[in-house]
Amino acid sequence: MNFELKHLDLVGAADEKTDLLVVLVPQDFKAGKDELSVLIASALKTGDLEAAAGKCLALFRPLQAAATRLIVAQVADAGARGVRLAMLAALAQGKSPTMKRLVVCFAAAAKEDAVRAAVNAVAEVTYSYTATKSKPTPRVLAKAVIGVPNPPQVADTFERAVATVAGVELAKEWANRPANHATPQLLGEAAQALAGHAKISCEVLGPKEVAKLGMGSFMAVAQGSDQPLRFIVLRYNGAAKSKAPTVLVGKGITFDSGGISIKPAGEMDEMKFDMSGAASVLGTFKTLSLLKPAINVVGLIPACENLINGKAVKPGDVVTSMNGQTIEILNTDAEGRLVLCDALTYAERFKPRAVVDIATLTGACVVALGAVRSGMFSGNDEIAQSLAAAGERAQDLCWRMPLDEEYAEGLKSNFADVANIGGRAGGAITAAKFLQRFTEKFPWAHLDIAGSAWKSGAQKGATGRPVGLLVEFLLSQSTDK
Ligand code: BES
Ligand code: MN
Ligand code: ZN
């Protein structure tokens, strides 16, 4: 799908030959003398177009426009949320299976956030998963024109939004693939494929190299599966070598059965999404390859399955992490922190300016924040504020959670330096406290995306979050000193 930003007013929009024309009408719409304006004004007057958020009026082969279908949609507030609601309502009504060309026209000057929201909504509604269908129905939409009366003001945001969509869709693609089509090895190959871009390089380590590094915690999780682990190291070099990189660490559990502490059968299929953190790192690198910002970024992905064979790690086993801490594995289902801790230790070698890990880490985070906001944890106020602001800009929201020392109480072990679980209460926080033990050498933040990375039920599928947030966060670093 191709996006284009075009200078359009309602006179121009009326001439667009397209399967669907969506006109976004602001609350304070001022009608001109052209036919489309007159139509909208009279529809508002008669109440056929209700002046409320997300209300639409649909027309087929309208006399006032060259488009086959016309949807006039009322935008309540011209911010990102208002435009998103209006776009989702308009596309739900106006989308046809054969829609090849779409024109979205802002009837008044568009704000940056609004343009981004329009691009995102078009991508979201027309996305189609095809990888494992015998009769795939790929996205039909070939071209989406975003028409605004003020293109220069929103051109940068538009370009960023389109590049972010490409990253989001790569993340969705890999997260959606079932575990037998997204093994650690295949994830490694997906990362290698990204290294085809000029500024990106990739190294994929296997079991031997990981053993040599002493990643005893990561290896303990992987040993219960016949699929060999992979440790993926991606590098994006957009700035001088001397510039400290930001490191992204993505949890890459390609399937989480829980291990010996096995999960209940219901909805266990959704644990194929347990590599959504890893997918978000791949997606973010895709976007970096398109935008080429002047920053350095490292992506680390510990990838393996959490399965159960005769060699599987058992409750009570004590393992030694890469930085020498011993860990008592009281619950084999708390495996995400076990693979992440060694990746965090590995991150030290890059002398990073910041490390952000992204993980579908705890069911407790789903209980706390639902699907709306990702959990964000950091002892560093600057990074925390920067991530929160990035989430707002991208409309990929997060919410800061606490890290008081008292929350680490439950992680005490009689047989090792630390246990991998700390009781049910505050489970998302104890998980973060566990990770924090491995982050002394750099500023760090943790994103728990257990609730935001995918949708369940009839709409089951990956969301591609938090690629939008990560991209905005990284780009904000390219502008500071
Ligand atoms: N991948 C899961 C977390 C998860 C659960 C994400 C449900 C999304 C939906 C993680 O590995 C896990 O199993 N965590 C346990 C930790 C517990 C054993 C301390 C959990 O949340 O139950
Ligand atoms: Mn688990
Ligand atoms: Zn997991």
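The structure we're discussing is the one just above.
A brief report on the enclosed structure follows. (Residues numbered from 1 in each chain as written. Chains lettered and ligands numbered in written order. Predicted model: local features only at pLDDT ≥ 70, side-chain atom pairs only at ≥ 80, totals over all residues. Heavy atoms only, no water.)

To continue, consider the sheet that holds strand β3 (residues 56-60). Read from one edge of the open sheet, 6 strands run β1-β6-β5-β2-β4-β3, paired in mixed fashion. Two strands lie at the open edges of the sheet, namely β1 (2-7) and β3, each paired on one side alone. In this sheet, adjacent strand axes meet at a mean angle of 15 degrees when their direction is disregarded. As paired strands, β1 and strand β6 (residues 143-148) are joined by 6 bridges and run parallel to one another. By the bridge assignment for β6, E4 is matched with V145. Strands β2 (20-26), β3, β4 (69-75) and β5 (101-106) of the sheet are contacted by helix α3 (residues 80-94), whose axis makes an angle of about 155 degrees with β4. Strands in contact with helix α5 (residues 151-176) are β1 and β6; relative to β1, the strand with the most contacts, it is inclined by about 175 degrees. (Pairing = 2+ DSSP bridges. Helix = DSSP H or I, 4+ residues; strand = E, 2+ residues; numbered from the N terminus. Axes fitted to C-alpha atoms, helices over the stretch in contact; angles between N-to-C directions. Contact = heavy atoms within 4.5 Å.)

The subject of this paragraph is the packing of helix α6 (residues 184-194) against helix α9 (residues 276-291). When two helices pack together, their arrangement is captured by the angle between the axes and the distance separating the axes. Where α6 contacts α9, the axes come no closer than 10 Å and their chain directions differ by 10 degrees. Taken together, the axis directions place α6 and α9 in an arrangement best described as roughly parallel. When the axes of α6 and α9 are compared, the crossing they make is left-handed. Counted together, L187, A190, A191 and L194 of α6 and A278, L282, F285 and K286 of α9 form the full contact between these two elements. Looking at the contact of α6 with α9, its residues break down into 7 nonpolar, no polar and 1 charged. (Parallel < 35°, antiparallel > 145°, perpendicular 65-115°, else oblique. Left-handed = near helix turned anticlockwise from the far one by under 90°. Nonpolar A, V, L, I, M, F, W, Y, C, P; charged D, E, K, R; others polar.)

Following the criterion strictly, the structure yields 5 aromatic pairs and no others. Here F218 and F231 contribute two aromatic rings whose centre-to-centre distance is 6.3 Å and whose plane-to-plane angle is 55 degrees, an arrangement assigned as tilted. Taken together, the residues F218 in helix α8 (residues 216-222) and F231 in strand β8 (residues 230-237) connect sequence positions 13 residues apart. In this structure F218 comes out as buried when scored by relative accessible area, which is 0%. (Phe/Tyr/Trp six-rings, centres within 6.5 Å; stacked < 30°, edge-to-face > 60°. Buried < 20%, exposed > 50% of the residue type's maximum accessible area, 1.4 Å probe, protein only.)

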